[in-house]
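What follows is each chain in one-letter form.
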Amino acid sequence: MVGTASLTATWSNWAGNQRGSATTILRPGSPTDVAEAVLDAAATGGRIRVTGSGHSFTAVALADDRRMELSELDTQVSVDVAHRLVTVPAGMTLHTLNGLLARHGLALPNLGDIDAQTVAGAISTGTHGTGAGYGCLSTFVEAITLVTGTGEVLRCSADENPDVLAAARVSLGALGVLVEVTLRCVDAFVLHAHERPAEMADVLGDLPALVGSHDHVEFYWFPYTARVQVKTNDRVPANDRPLPRWRGWLDDDFLSNTVFAGACRLGRAVPALAPGISAVSARALTERRYTGRSDRVFCTPRRVRFMEMEYGLPREALPEALTALRRIVDGLPFKVLFPVEVRFTAADDIWLSHGYGRDNAYIAVHQYVGMPYEPYFRAFEEVAAGLGGRPHWGKMHYRDAASLADAYPRFADFQAVRDRLDPNRVFTNPHLTHVLGA
């Protein structure tokens, strides 16, 4: 049976910028329950939005009618170690999935920097990590089961409904409710992490060699400085240099969260101090090397709240975009308190993936919660869009369906699948109408 509640508490996302109250909360226990809820909504002209962990900054998960939560959805967990395939409920978090895989000697090939998202939420918005040879997390999806807007329980793979798979691996939840996901994994592996300060000019001058010679590369630029923090992760055979517990606490908990939060609060109270705070932050994170289980190296705690916009750009456009971004930051009437993150991904063939058909460089701009951000984000978006950029579906942006249709060669094909699977637009909300059209 479908668990429901008619008196709903206000829902908000992690950043606190999206809030709303649904008329009903749905907590299905099985795919059949999901189908029944969808049929009921379709028959009464209702709408359903599925909410996961709330880690999207946009209103993609905001429900103005019925909110569906998948935490009680019970589907079978299947681990095929020999073929490195795992099938899990779509509402499982990446953190839980990583633990499950580790117990079976497996791992996801790549991850982003947090693991709080649900599997469905992560793949539906094109969540990605970094690594020139790796696409977004959706590229690891081998098969999905979803409930369409007509109540059909549809299995999709390379052999069954392949067009739906191509669309649904990044779908913003617009095609149906994902209830089960099969992921292709790899044998568990250890990463050697190397973090070091550097000059931005040196990093950009040697960028092709840097990106090409490591499994995973990212760097952070500290506004008002010429300095960056570079992080490379590479596969190694043994976990022979684990990070001491005290050093992990000092760097990842105390400095990167507790002290940084205090610095941001100070910068928000006295904006003139922001350039100095950024300069101190750039020098506070010193060089370190360590090894660890892959997911524990990829993912780190994020407790300082912020707003974020991220754009995927053709990789060759990165230097021009960063040059323009530095001018934008220097010309703002307010200060920026967060570093800018740069990552890299490989091309893929998923219709609404930011990496469709091209290798990407990603630039993520952030602002501390409570600080002005819209002029900053809009100015960067103008630059990024002019360079062929595609906004991350789970991060702030101001694009509409007309401009996004030009950015995605298969946008019309996606719409055709949407028309077929959800003809009555059960799975929509105002945000989806804005970015995908009515």
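Residues numbered from 1 in each chain as written. Predicted model: local features only at pLDDT ≥ 70, side-chain atom pairs only at ≥ 80, totals over all residues. Heavy atoms only, no water.

Engineer: How do you make sense of unusual backbone geometry when you look at a structure like this?
Structural biologist: Among all residues save glycine, negative phi is the norm, and among peptide bonds the norm is trans. Residues other than glycine seldom take positive phi values, yet R84 does so here, at roughly 55 degrees. Along the chain, R84 falls in the loop between β7 (78-80) and β8 (85-89). Since its relative accessible area comes to 34%, R84 is described here as partly exposed. Positive phi, normally seen in glycine, also occurs at N161, with a value near 50 degrees. Along the chain, N161 turns up in the loop between β11 (153-157) and α4 (162-168). Under the relative-accessibility criterion, N161 is labelled partly exposed at 30%. (Helix = DSSP H or I, 4+ residues; strand = E, 2+ residues; numbered from the N terminus. Buried < 20%, exposed > 50% of the residue type's maximum accessible area, 1.4 Å probe, protein only.)

Engineer: I tried to follow the packing of aromatic side chains on my own but got confused; where do I start?
Structural biologist: In this description, a pair of aromatic rings is defined by centroid distance and the angle of the planes. On inspection of all chains with the given rule, the structure shows 9 aromatic pairs. An angle of 85 degrees between the planes, with centres 6.4 Å apart, marks the rings of W14 and F57 as edge-to-face. With W14 in the loop between β2 (11-12) and β3 (19-20) and F57 in the loop between β5 (48-51) and β6 (66-69), the pair connects residues that are 43 residues apart, well separated along the chain. For the pair formed by W14 and F57, the shared burial category is buried. With centroids separated by 5.2 Å and ring planes inclined at 70 degrees, the aromatic side chains of W14 and F306 adopt a geometry described as edge-to-face. Pair noted here: W14 is in the loop between β2 and β3 and F306 is in strand β18 (residues 306-314), with a separation of 292 residues, a long-range link. Among the residues examined, W14 registers a relative accessible area of 15% and is labelled buried. Put simply, the rings of W14, F57, F306 and F338 pair up and form one aromatic cluster. For R235, the ring lying beneath its charged end belongs to F189, and the centroid distance is 4.0 Å. (Phe/Tyr/Trp six-rings, centres within 6.5 Å; stacked < 30°, edge-to-face > 60°. Lys NZ or Arg CZ within 6 Å of the ring centre and 35° of its normal.)

Engineer: Would you mind showing me how to read the environment of S278 here?
Structural biologist: Summarising the element assignment, S278 is placed in helix α8 (residues 274-284). A C-alpha to C-alpha distance of 5.8 Å links S278 and F222, two positions 56 residues apart in sequence. Discounting chain neighbours no more than four positions away, the residues touching S278 are F222, P223, Y224 and T225. Of note is the side chain of S278, whose polar atom sits 2.6 Å from the backbone oxygen of P223. (Contact = heavy atoms within 4.5 Å. Polar contact = N/O pair within 3.5 Å; in protein donor to acceptor, adjacent residues only side chain to side chain.)

Engineer: Hey, could you run me through helix α1 (residues 31-43) in this one?
Structural biologist: An α-helical turn contains 3.6 residues, so a residue and the one three or four places further along point in the same direction. Along its 13 residues, α1 runs 18 Å from first to last C-alpha, staying within 8% of the 18 Å computed at 1.5 Å per residue. Taken as a whole, α1 has its buried residues at D33, V34, A35, A37, V38 and A41. Note on α1: the residue one or two positions beyond its end, G45, has a positive phi of about 75 degrees. (Expected span 1.5 Å × (residues − 1).)

Engineer: Is there a simple way to think about the packing of helix α10 (residues 318-331) against helix α11 (residues 374-386) in this case?
Structural biologist: A pair of packed helices is characterised by two quantities: the angle between their axes and the separation of those axes. It is the contact of α10 with α11, at a shortest axis distance of 10 Å, that shows an interaxial angle of 155 degrees. Relative to α11, the element α10 lies roughly antiparallel. Regarding α10 and α11, the two cross each other, and that crossing is right-handed. Of the residues in α11, those touching α10 at A321, A324, L325, I328 and V329 are Y376, A379, F380 and V383. Its residues placed into classes, the contact of α10 with α11 shows 9 nonpolar, no polar and no charged. (Axes fitted to C-alpha atoms, helices over the stretch in contact; angles between N-to-C directions. Parallel < 35°, antiparallel > 145°, perpendicular 65-115°, else oblique. Left-handed = near helix turned anticlockwise from the far one by under 90°. Nonpolar A, V, L, I, M, F, W, Y, C, P; charged D, E, K, R; others polar.)

Engineer: Honestly, empty space enclosed by the protein in this entry has me stumped. Any pointers?
Structural biologist: Gaps left between atoms show up when a probe the size of a water molecule is rolled over them. This model, assessed by the stated rule, comprises 3 cavities of 30 Å³ or more. Of the volumes computed, that of the largest cavity is approximately 70 Å³. At the level of secondary structure, the elements contributing two or more residues to the lining of the largest cavity comprise β15 (216-221), β16 (227-236) and α9 (294-298). (1 Å grid on protein atoms, 1.4 Å probe; cavity = no way out; pocket = protein on both sides within 12 Å on 5 of 7 lines; lining within 4 Å. Points joined across faces, edges and corners; volume = space filled by probe spheres on them.)

Engineer: It is not clear to me how the nonpolar core should be interpreted in this structure. Could you clarify?
Structural biologist: Counting residues in hydrophobic clusters, the biggest one holds 79 residues, and the most contacted among them are I48, L97, I144, L183 and L352. If we ignore the near neighbours within four places in the chain, the residues touching L97 are V86, V88, M92, L108, V119 and L183. By size, the runner-up hydrophobic cluster in this structure holds 50 residues, among which are V211, V230, V342 and Y376. (Core = buried A, V, L, I, M, F, W, Y, C linked by side-chain atoms within 4.5 Å.)

Engineer: I tried to follow the pattern of salt bridges on my own but got confused; where do I start?
Structural biologist: Opposite charge on two side chains lets them pair, provided their charged atoms get close. Evaluated as defined, the whole model comprises 22 salt bridges. R235 is the partner of D215 in a salt bridge, and the nearest nitrogen-oxygen pair spans 3.8 Å. With D215 in the loop between α6 (207-212) and β15 and R235 in strand β16, the pair connects residues that are 20 residues apart, well separated along the chain. Where E310 meets R343, a salt bridge forms, and the shortest distance between an N and an O atom there is 3.0 Å. With a gap of 33 residues between them, E310 in strand β18 and R343 in strand β19 (residues 340-345) connect regions that are remote in the sequence. Across the pair, R343 and E310 agree in class, each one buried. (Salt bridge = Lys/Arg side-chain N within 4 Å of Asp/Glu carboxyl O.)

Engineer: I would appreciate a short explanation of the sheet that holds strand β20 (residues 360-368) in the present structure.
Structural biologist: The strands making up a sheet are joined through hydrogen bonds of the backbone, oriented either antiparallel or parallel. An order of β17-β14-β16-β15-β19-β20-β18-β21 is seen for the 8 strands of this open sheet, with the pairing classed as antiparallel. Edge positions in the sheet fall to β17 (288-293) and β21 (390-391), since each of these pairs with one other strand and no more. Direction of pairing for strand β14 (residues 190-199) relative to β17: antiparallel, over a ladder of 6 bridges. By the bridge assignment, H192 is partnered in β17 with T291. Across the face of the sheet, α11 comes into contact with β18, β19 and β20 while running at roughly 10 degrees to β18. (Pairing = 2+ DSSP bridges.)

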